[in-house]
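Residue strings, one per chain:
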Amino acid sequence: ICHLTVSLSPSAAKVGKTSLIMSLVSEEFPDVVPYRAEEITIPADVTPERVPTHIVDYSEAEQTDEQLFQEISKANVICIVYAVNNKKSIEKVSSSAARISIFSLVPLILVGNKSDLVEHSSMETILPIMNQYSEIETCVECSAKNLKNISELFYYAQKAVLHPTGPLYCPEKKDMKPLCVKALTRIFKVSDLDNDGNLNDNELNFFQRTCFNTPLEPQALEDVKNVVRKNLIDGVCDNGLTLKGFLFLHTLFIQRGRHETTWTVLRRFGYDDDLELNQDYLFPPLKIPPDCTTELNHNAYLFLQSVFDKHDKDRDCALSPEELRDLFDVFPYMPWGPDVNNTVCTNDQGWITYQGYLSQWTLTTYLDVQRCLEYLGYLGYSIIAEQESQAAGITVTRDKKIDLQKRQTQRSVFRCNVFGDIGSGKSGFLQAFLGRNLMRQKTIKEEHRSYYAINTTYVYGQEKYLLLHEVFPDFDYLSDADLACDIVCLVYDISNPYSFEYCAKVFKQYFMDSKTPCMMIAAKSDLPEVKQMYGCSPLEFCRRHKMPPPQSFTCNAASAPNRDIYTKLTTMAMYPHARLRCMCTCNRCTFCLCQNFLNSELLQTVRAKLYAVVLRRHVSQADLKSSTFWLRASVGATVFAVLGFAMYRVLLKTR
């Protein structure tokens, strides 16, 4: 809230509301009081809550009811003023509150003025009225003449707007409202870092530091727990604060008028005035230029790893259905459906493994980063990881065109779109990437089928994610999303004579003039191969278009399918500029050894220093014409070549 409007409305004439405003401004009781005070604004730096406060007066003598309701519609809080020495004005408080509540649901403050004229309090008379209307936040007795509780009056007015009781507490039931309990329960579970159901001293101190920027002293911690022990049997367990104890403390804060404590906690964890998670909290700004992708960074992976470890209670490196529900208990809905189990790796029981868990998060970040930000917000990433927002856990990669120009990439996730005719084996190809043979694939229900599969591969010792996407075989309606990828996989069934034709048409129509590398997959290689009814054989087609030869593949085996083909796909996606004749990634052959050597830090350092020496030296025209210069250059090049060859032989001998 950047601006607060307080409207003062009388329950009757001559109650002293204008005197209250003038006494606040001048800090003395005025001798002459007009019918209505001018509108004033109190600067933020002189208010306890650091919020500019706009005060509007109302006079029945000068203004109409219509003008009153116009002012009420603009107000953030309304103060109904009555005179404690005037029974008639006290009796009109109820009707005034009823009339205002019809037109507005803003908080109401009851103000009993002229307390200097009586020796008794009006609270006994006012209390039933406060219980009757939930909009009434509090009642303050003051005196404009003696300047008693004048500042407190406007402090409570600010507090009623910034820290309202209504959304938190139900006076009739003398308990917190369900939405407040739900929000605080989520906060407790996020703060319970070891998921043992209690907040230990370290977790309480972290919570205190996060919300109030100061830790609790050991004695203060014990005092808090002692208060809970006296009132609740199960409020403290194993010297830690339980959920019941945590909720009890906040109920106590609200009942004692310390709403700001609970509101500070709620707002720190992203809640708005309606106790819903703020959209700015869930969806922080994140700029993504065209042709760039989104990935999780190292800190985000560490956080997600801690969340997994927190809920993997049996330490089997997999999340059972109960553990998965417990993990997503802080979400308003279940984000992962049954299809996720067919998108990532699972164990023999069908439970998502640790690797599958991280893979699904990687997939969400790549395909829908806004949803990933939302999910991280529910888990409390910005709070637990002590970051400004969830956007701090996202890496936006550089433009793919720059990667192609520099012939290197720092990306970790590569997308492969899989094309093929109906029945060619695309789904089997995706599921085989997750280690499932044909027998396991037959157990998958059609409604749980997934068109994505993601897993890790290793390319020259580097761990990368390969994301496979099965494209629906509708040749005439391929969208931009179907064509946007790092590598294209064209799958045909070697036992179907008409299967290859679809792959050839897709390639010629969409990818023949593209820089996206393509690979042909000869699926179902365990079956007898038949001649494809096309103008040329698949091998000849690949030769004509400078593609690698068709790669044989089958998932009809007793063991898990071979993964070499997926490593080759990732390699081609990483190096799209290279026409790789050798598709091996064994780290033993000449190609692999050369790649490892070229990517080594030693060679990069030597090359950088050599460039620096050449660029810094001034070569004159005379030197260029001198035979001595060229002799030195040739000798240097020869020495460098000999050293490189010797190093290669050493590496080869070691292998």
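Computed from a predicted structure; not experimentally measured. (Residues numbered from 1 in each chain as written. Predicted model: local features only at pLDDT ≥ 70, side-chain atom pairs only at ≥ 80, totals over all residues. Heavy atoms only, no water.)

(A) How the structure looks around the nonpolar core. Core analysis: the biggest nonpolar cluster contains 68 residues, and Tyr 357 and Trp 361 have the highest contact counts within it. Dropping the residues within four chain positions of it, Tyr 357 is found in contact with Leu 304, Val 307, Phe 308, Leu 319, Leu 327, Trp 336 and Ile 352. Membership of the second largest hydrophobic core comes to 29 residues, among which are Cys 416, Tyr 460, Leu 468 and Met 572. (Core = buried A, V, L, I, M, F, W, Y, C linked by side-chain atoms within 4.5 Å. Buried < 20%, exposed > 50% of the residue type's maximum accessible area, 1.4 Å probe, protein only. Contact = heavy atoms within 4.5 Å.)

(B) Region of the structure containing the sheet that holds strand E20 (residues 518–523). Ordered by their spatial adjacency, six strands build an open sheet running E17-E18-E16-E19-E20-E21, and the pairing between neighbours is mixed. Pairing within the sheet leaves two strands with one partner each, and these edge strands are strand E17 (452–459) and strand E21 (551–552). Pairing of strand E19 (residues 487–493) with E20, which is carried by six bridges, proceeds in the parallel orientation. Bridged to Val 488 within E20 is Cys 518. Contacts from helix H18 (residues 426–433) reach strand E16 (413–420), E17, strand E18 (462–470), E19 and E20, with the element oriented near 155° to E18. (Pairing = 2+ DSSP bridges. Helix = DSSP H or I, 4+ residues; strand = E, 2+ residues; numbered from the N terminus. Axes fitted to C-alpha atoms, helices over the stretch in contact; angles between N-to-C directions.)

(C) Summary view of the UniProt feature "domain: EF-hand" (unreviewed entry) in the protein chain. Annotation from UniProt places "domain: EF-hand" (unreviewed entry) at residues 299–334. As annotated, residues 299–334 comprises 56% helix and 6% strand, and the C-alpha atoms at either end are separated by 24 Å. (UniProt positions renumbered as here; feature names shortened; annotations may be inferred.)

(D) Structural view of unusual backbone geometry. At Leu 147, a residue that is not glycine, the phi angle is positive and equals roughly 60°. Inspection of the secondary structure puts Leu 147 in the loop between strand E6 (136–141) and helix H5 (150–162). Overall, Leu 147 belongs to the partly exposed group, its relative accessible area being 36%. With a phi close to 60°, Lys 524 is a non-glycine residue in the positive phi region. Mapped onto the fold, Lys 524 is located in the loop between E20 and helix H22 (538–544).

(E) Region of the structure containing the pattern of salt bridges. Across all of its chains, the model carries 20 salt bridges by this definition. Of the charged contacts, one joins Arg 398 and Asp 403 as a salt bridge, the two residues approaching to 2.4 Å between their closest N and O atoms. Judged by relative accessible area, Arg 398 falls into the partly exposed class, the value being 30%. Judged by its relative accessible area of 7%, Asp 403 falls in the buried class. Glu 470 serves as the salt-bridge partner of Arg 449, at 2.8 Å between the closest nitrogen and oxygen. Highlighted residues: Arg 449 in the loop between helix H19 (438–441) and E17 and Glu 470 in strand E18, separated in sequence by 21 residues. Residue classification places Glu 470 among the buried residues on the basis of a relative accessible area of 5%. (Salt bridge = Lys/Arg side-chain N within 4 Å of Asp/Glu carboxyl O.)

(F) Structural detail: helix H15 (residues 369–379). When you tally the buried positions in H15, you get nine out of eleven residues, the bulk of the element. Gly 380 sits one or two residues past H15 and shows a positive phi near 80°.

(G) Molecular detail of the packing of helix H2 (residues 65–74) against helix H3 (residues 87–103). It is the contact of H2 with H3, at a shortest axis distance of 10 Å, that shows an interaxial angle of 65°. For the pair H2 and H3, the crossing hand works out as right-handed. Taking contact as the criterion, the partners of Asp 65, Leu 68, Phe 69 and Ile 72 in H2 are, on H3, Arg 99, Ile 100 and Phe 103. When grouped by side-chain class, the residues that make up the contact of H2 with H3 number five nonpolar, no polar and two charged. (Left-handed = near helix turned anticlockwise from the far one by under 90°. Nonpolar A, V, L, I, M, F, W, Y, C, P; charged D, E, K, R; others polar.)

(H) Main features of the packing of H3 against helix H4 (residues 123–132). It is at 10 Å that the axes of H3 and H4 come closest, and there the two elements cross at 5°. With respect to H4, the axis of H3 lies roughly parallel. Note on element contacts: H4 touches H3 through Thr 125, Ile 126, Ile 129 and Gln 132, opposite Ile 90, Val 93 and Ser 94. Of the residues in the contact of H3 with H4, the class split is four nonpolar, three polar and no charged. (Parallel < 35°, antiparallel > 145°, perpendicular 65-115°, else oblique.)

(I) A look at H18. When you tally the buried positions in H18, you get seven out of eight residues, the bulk of the element. Those residues of H18 not exposed but buried are Lys 426, Gly 428, Phe 429, Leu 430, Gln 431, Ala 432 and Phe 433.

(J) The pairing of strand E4 (residues 77–83), seen in detail. Burial analysis of E4 places seven of its seven residues in the buried class, the great majority of the element. Because side chains alternate across E4, one face comprises the buried residues Val 77, Cys 79, Val 81 and Ala 83, and the other comprises Ile 78, Ile 80 and Tyr 82, equally buried. By the bridge criterion, six bridges tie E4 to strand E5 (residues 108–113) in an arrangement that is parallel. Paired with Tyr 82 across the strands is Gly 112, a residue of E5. In this region the chain leaves E4, passes through H3 and returns to the parallel neighbour E5; the handedness of that crossover is right-handed. (Right-handed = clockwise from strand over helix to strand, strands pointing away.)

(K) Region of the structure containing the packing of aromatic side chains. Inspection of every chain in the model, using the stated rule, returns 27 aromatic pairs. Ring centres of Phe 188 and Phe 246 lie 5.6 Å apart, and the angle between their planes is 55°; this geometry places the pair in the tilted category. Residue Phe 188 is located in helix H6 (residues 178–191), and its partner Phe 246 is located in helix H9 (residues 243–255); the two are separated by 58 residues in the primary sequence. By relative accessible area, Phe 188 is classed as buried at 3%. (Phe/Tyr/Trp six-rings, centres within 6.5 Å; stacked < 30°, edge-to-face > 60°.)

(L) Quick look at the pairing of strand E3 (residues 53–56). Residue alternation in E3 divides its side chains into two sets, Thr 53 and Ile 55 and His 54 and Val 56, and both sets are buried. Judged from the three bridges that link them, strand E2 (residues 40–42) and E3 form a sheet pairing that is antiparallel. Looking at E3, one finds that Ile 42 is bridged to Thr 53.

(M) The arrangement of the side chain of Thr 293 in detail. Take Thr 293: it is sitting in the loop between helix H11 (279–282) and strand E12 (294–296). Look at Thr 293 and you get buried, because its relative accessible area is 16%. A polar contact of 2.7 Å, which involves the side chain of Thr 293, links it to the side chain of Thr 397. Discounting chain neighbours no more than four positions away, the residues touching Thr 293 are Tyr 366, Thr 395, Val 396, Thr 397 and Arg 411. (Polar contact = N/O pair within 3.5 Å; in protein donor to acceptor, adjacent residues only side chain to side chain.)

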